[in-house]
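This is what each chain is made of:
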Amino acid sequence: MPKHYRPPGKKKEGNAAKYITRSKAIKYLQINLRLFRRLCILKGIFPRDPKKKVEGNHKTYYHMKDIMFLAHEPLLEKFRDMRAYDKKVKKAFAKKNRDLAARLMTRKPTYTLDRLIKERYPKFVDALRDLDDCLTMVHLFAALPALESEKVEVKRIHNCRRLSHEWQAYISRTHKLRKTFISVKGIYYQAEVEGQKITWLTPHALQQVLTDDVDFNVMLTFLEFYETLLSFVNFKLYHSINVKYPPILDPRLEALAADLYALSRFVAAQTKPMQLLESQAVGSSGSDQVEASKSGSHAEESELRLAQLQHQLPSNEPGALMHLVKDAVDEDEDDEETKECKNLFKDFTFFLSREVPRESLLFVISAFGGLVSWEGDGAPLKESDQSITHQIVDRPTQGHLFLSREYIQPQWVYDCVNARIILPTEGYLVGKIPPPHLSPFVDNEAEGYIPEYAETIKRLLAAARKEILPLPGVGKEDMDDPQNLLVEGIISRAEANKVAERTQKMKALEQQYHDELKIELQGVGYSSAPSAITQNTSEDAEAKEESGPNLNQIAEDAASMAKVAMPRKKRRLYEAMQISKARKQDKVNLLKERRKKLAAADT
């Protein structure tokens, strides 16, 4: 009898009934592979890995419930109707009936993904948790060139650029940006929206080259879903701060590729028209409101749009970018971290030269309370303005220098954002090699190695917060010594005596514990343990006064005893953990050796 023999008439059981291969699923749904992939991406269905693969290890399996979920999807029927409609258009073109073909093209059926967004994300928090890949994909296509052969249309690229700028305008408006890091891949950002940390990657502002080893059909399907998701998220976020969505941009600034600046001005100008409408609604009576709703609804909408356009189309006065920081969300509603980020660059005005990444710096500086201008048309401030405090350049030489401002490299802005303090500008001056750009996403304490510049930033931060840190080469245990604290004048003599007495008691209890542990390891019974302890203490009293207990040996003995008592599976897991720790320590030792070599080379 075969291994998977099933008598006729008996139902499938186990994995054979729960899972189905991809080829059988395609036959069951009566669609092709391309449409099946598209449906799985839009519905969020992914392959499964059953413990027992009935039809072989070389096949892809899906859960049967997921396939039944697809079979009852209304979008599947819509795709079938569109496919049949395309056949009608092709048939009209084949019969050279141009009028019929053109008429059919104007009535082509369409579909939306709004219902899928609500189905996959019942709550707004669920959408925010799944926004990392969405933002990365949208920012990627916003920087790609249009390519008709790969179906990357200009309209879709412009839509991605608009969505990305709307997201950045909200983050800079509410000061929700927390971390930034420049890497070879691009620029990493992390924001905190409604308690959810969202991290995304934006490519550098360079000419992107499309490769042939990427399936753009799959990426465009993901992008189609992500565009709808991000538009819903932006709609919700903009209405949470009482700003109308979609925003109306200044066409002059939009033509000058200053979309983010135009969005910021629109968001800032939304407060006064909203207040005007609210005052009109309170002052008017009920009958007047009914008559106005019947007769002049279109007039009110046109007046609102005219007011918005008048507010967002002023001349380029010097204080135009002040709206980016003023009229923000009430400070009482912000948490401490948001207030700290909001006031980091509060008193600074930056001017960006043409060689620096303008969009990234405009986004970061405005998110931390600074005012920004740049070199070119549409800028709110000219380069000769005396209110500018910092000019960000990336050239070794400058044509004209202003003594009232500091010339720094772009890395200074990102390092200040990550450190949350204003760092000294001496190491970031023009022509100098800047300090290493440290990643804020790496926990140096957990890694076991703290770079030298990280220690410098830590001391600057402690000095700004008036905290006490140990000197280089002095550990925290030395800082806890009451004699050292007494010498420094931090505590009084009475407090130092109390701390010393408490420390002596703790040492006595610790010594007693180690003695009992040593007696237990020697196999002495409980009844004879006190006499053995007194005998050992009387014999080794002088030796222990000179040198304390060998804590390392006791810890190693306890670890070896615990390892012997472990089951085989847990012992292997423990050994793997020790191997990983040893590798990590080797890596730390290698970094320390490199630091010593660099220090020796500099001296």
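Our subject in this report is the structure included herewith. (Residues numbered from 1 in each chain as written. Predicted model: local features only at pLDDT ≥ 70, side-chain atom pairs only at ≥ 80, totals over all residues. Heavy atoms only, no water.)

Topic: the overall build of the protein
Each helix and strand in the protein was counted, giving 28 helices and 9 strands. By residue count, 34% of the 603 residues in the protein fall in the buried class. Long-range pairs, those at least 24 residues apart, make up 62% of the contacts in the protein with a sequence separation of at least 6. Accessible surface, the protein as shown: approximately 38000 Å² in total, 54% of it carbon and sulfur. (Helix = DSSP H or I, 4+ residues; strand = E, 2+ residues; numbered from the N terminus. Buried < 20%, exposed > 50% of the residue type's maximum accessible area, 1.4 Å probe, protein only. Contact = heavy atoms within 4.5 Å. Areas by Shrake-Rupley, 256 points an atom, 1.4 Å probe, with all protein chains shown as cover.)

With respect to the nonpolar core
Membership of the largest hydrophobic core comes to 93 residues, with the highest contact counts inside it found for Phe36, Leu131, Trp167 and Phe345. Sorting elements by how many residues they give to this core places helix α11 (residues 216–240) first, with 11 residues. In this structure Phe36 touches Arg22, Ala25, Ile26, Leu29, Ile31, Tyr62, Ile67 and Leu70, once residues within four positions along its chain are discounted. Core analysis: the second largest hydrophobic core is formed by 5 residues, Tyr85, Val89, Ala92 and Leu104 among them. (Core = buried A, V, L, I, M, F, W, Y, C linked by side-chain atoms within 4.5 Å.)

Thoughts on the side chain of Glu224
For Glu224, the location among the structural elements is in helix α11. Using a relative accessible area of 15% as the deciding quantity, one classes Glu224 as buried. There is a polar contact of 2.4 Å between the side chain of Glu224 and the side chain of Tyr111. What Glu224 contacts, discounting residues up to four positions off in sequence, is Arg38, Tyr111, Leu113 and Arg156. (Polar contact = N/O pair within 3.5 Å; in protein donor to acceptor, adjacent residues only side chain to side chain.)

A short note on the packing of aromatic side chains
By the definition in use, this model includes 17 aromatic pairs. Arranged with centres 5.2 Å apart and planes meeting at 85°, the rings of Phe36 and Tyr62 form a pair that is edge-to-face. In this pair, Phe36 sits in helix α3 (residues 33–43) while Tyr62 sits in strand β2 (residues 61–63), placing the two residues 26 residues apart along the sequence. Residue Phe36 shares its accessibility class with Tyr62, and that shared class is buried. Judged by centre distance (5.2 Å) and plane angle (70°), the ring pair of Tyr189 and Phe363 falls under edge-to-face. Taken as a pair, Tyr189 in strand β4 (residues 187–193) and Phe363 in helix α18 (residues 358–367) lie far apart in primary sequence, 174 residues in all. Within the aromatic cluster, the residues linked to one another by ring pairs are Tyr121, Phe222, Phe225 and Tyr226. When the ring centre of Phe69 is taken as reference, the NZ or CZ atom of Lys43 above it lies at 4.0 Å. Of note, Arg405 hangs over the ring of Phe402, and the distance from its end group to the ring centre comes to 4.1 Å. (Phe/Tyr/Trp six-rings, centres within 6.5 Å; stacked < 30°, edge-to-face > 60°. Lys NZ or Arg CZ within 6 Å of the ring centre and 35° of its normal.)

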